[in-house]
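Next come the chains, spelled out residue by residue.
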Amino acid sequence: MDNFDAAAATRLDDRAVVRMAGDDVRGFLQGLVTNDVMAVAPDRPVWAGLLSPQGKALFDFILWDGGDGAILIDCEAAEAPALTQRLTLYRLRRAITLTPAPTGVHWSREPIPGAAADPRLAALGYRWLGPAAGDSASDEWRRHRLALGVAEGAGELGRGETLWLEANARELNGVSFAKGCYVGQENTARMHHRAKVNRRLVVAPIAAEGPRTRCRYPDLGLMIELRRVDDLGDAHIPAWLAAALATDRAEEQAMGNPAPAA
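Small disclaimer: the values here were computed from a predicted structure and weren't measured.

**Student:** Any chance you could break down the sheet that holds strand β6 (residues 96-100) for me, citing the residues and the numbers?
**Tutor:** With respect to topology, five strands assemble into an open sheet ordered β3-β4-β5-β2-β6, the strand pairing being antiparallel. Among the strands making up the open sheet, the edge pair consists of β3 (46-51) and β6. Pairwise comparison of adjacent strand axes, ignoring direction, gives a mean angle of 30° for this sheet. Strand direction decides the pairing type here: strand β4 (residues 57-67) and strand β5 (residues 70-76), joined by five bridges, are antiparallel. From the neighbouring strand, L63 faces β5, where its bridge partner is I73.

Pasting the structure below:
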């Protein structure tokens, strides 16, 4: 997207873009990541994760249509080399290339011509890919995102420590239960069908670091923790999460599941 104000503070300078091109890129990713890669369209990015075999989050990213069969991966800049290496290991002998793209990731609270709504939550705002120019909006984005209770990235999700549904992926449109197998699918599907998500990644007022603390932001007075759903304490519970918790309780009661152990 080229029709943006280069002087505006829209660039997320802690994000990078990796371009995947070659032989059946979508089919390759479809068997690896949590969401339906076939649903990615020019005006419809998709949020997805790459998990461990146990279903724990290793990387999260937004997938964009790159044209000519390519996929653009909007990911954390600090994690881009490790993500590229992991995907290269899975690639084996496939004729697929993974290269850094000279593209910036941009965000705005308000609609921008040519931008797409964030695939996780409409209130998060709008994203687009364009020239890596303009002032940074990363701090404003982080503040806005955390106010809505949305965690992202290795520091907040944990590196292989948090199950994908504990990261609220179901509620934030980060998983497809109809697409077939992917790495970590078995545990993820089991949790979903048994309505057994006993812990949730939440935003809370900052306090002393504990065993479930994922990340602390002293400048915002906030922290990210993985807490039991029956002991969320002073966690910020946005409307989308409150609705999910209520649905989980109702489903658990309908299925006759016992309450989570203390």
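**Student:** An account of the pairing of β3 is needed here, citing residue identities and associated values.
**Tutor:** For β3, the buried fraction is high: six of the six residues fall into the buried class. A two-sided burial pattern is seen for β3, the buried positions comprising V46, A48 and L50 on one face and W47, G49 and L51 on the other. Where β3 and β4 come together, six bridges link them in antiparallel fashion. Of the residues in β4, the one forming a bridge with L51 is A57. Connecting the antiparallel pair β3 and β4 is a turn made up of five residues, with G55 showing a positive phi of about 90°.

**Student:** Describe the packing of aromatic side chains, and please don't skip the residues or the numbers.
**Tutor:** In this structure the tally under the stated criterion is two aromatic pairs. Each ring, one from W47 and one from W164, has its centre 5.0 Å from the other, and the planes form 40°; the classification is tilted. With a gap of 117 residues between them, W47 in strand β3 and W164 in the loop between α4 (153-157) and α5 (185-193) connect regions that are remote in the sequence. Owing to a relative accessible area of 0%, W164 belongs among the buried residues under this scheme. Positioned above the aromatic ring of W47 is the side chain of R120, whose terminal nitrogen or guanidinium carbon lies 5.7 Å from the ring centre. When the ring centre of W141 is taken as origin, the NZ or CZ atom of R127, which lies over that ring, is 5.5 Å away.

**Student:** So, the state of the cysteines: which residues are in play, and what are the values?
**Tutor:** Applying the stated criterion to the full structure yields zero disulfides. Here C215 stays free of any disulfide, with the sulfur of C75 as its closest cysteine sulfur at 18 Å.

Rules used in this analysis
Residues numbered from 1 in each chain as written. Predicted model: local features only at pLDDT ≥ 70, side-chain atom pairs only at ≥ 80, totals over all residues. Heavy atoms only, no water. Pairing = 2+ DSSP bridges. Helix = DSSP H or I, 4+ residues; strand = E, 2+ residues; numbered from the N terminus. Axes fitted to C-alpha atoms, helices over the stretch in contact; angles between N-to-C directions. Buried < 20%, exposed > 50% of the residue type's maximum accessible area, 1.4 Å probe, protein only. Phe/Tyr/Trp six-rings, centres within 6.5 Å; stacked < 30°, edge-to-face > 60°. Lys NZ or Arg CZ within 6 Å of the ring centre and 35° of its normal. Disulfide = S-S within 2.5 Å.

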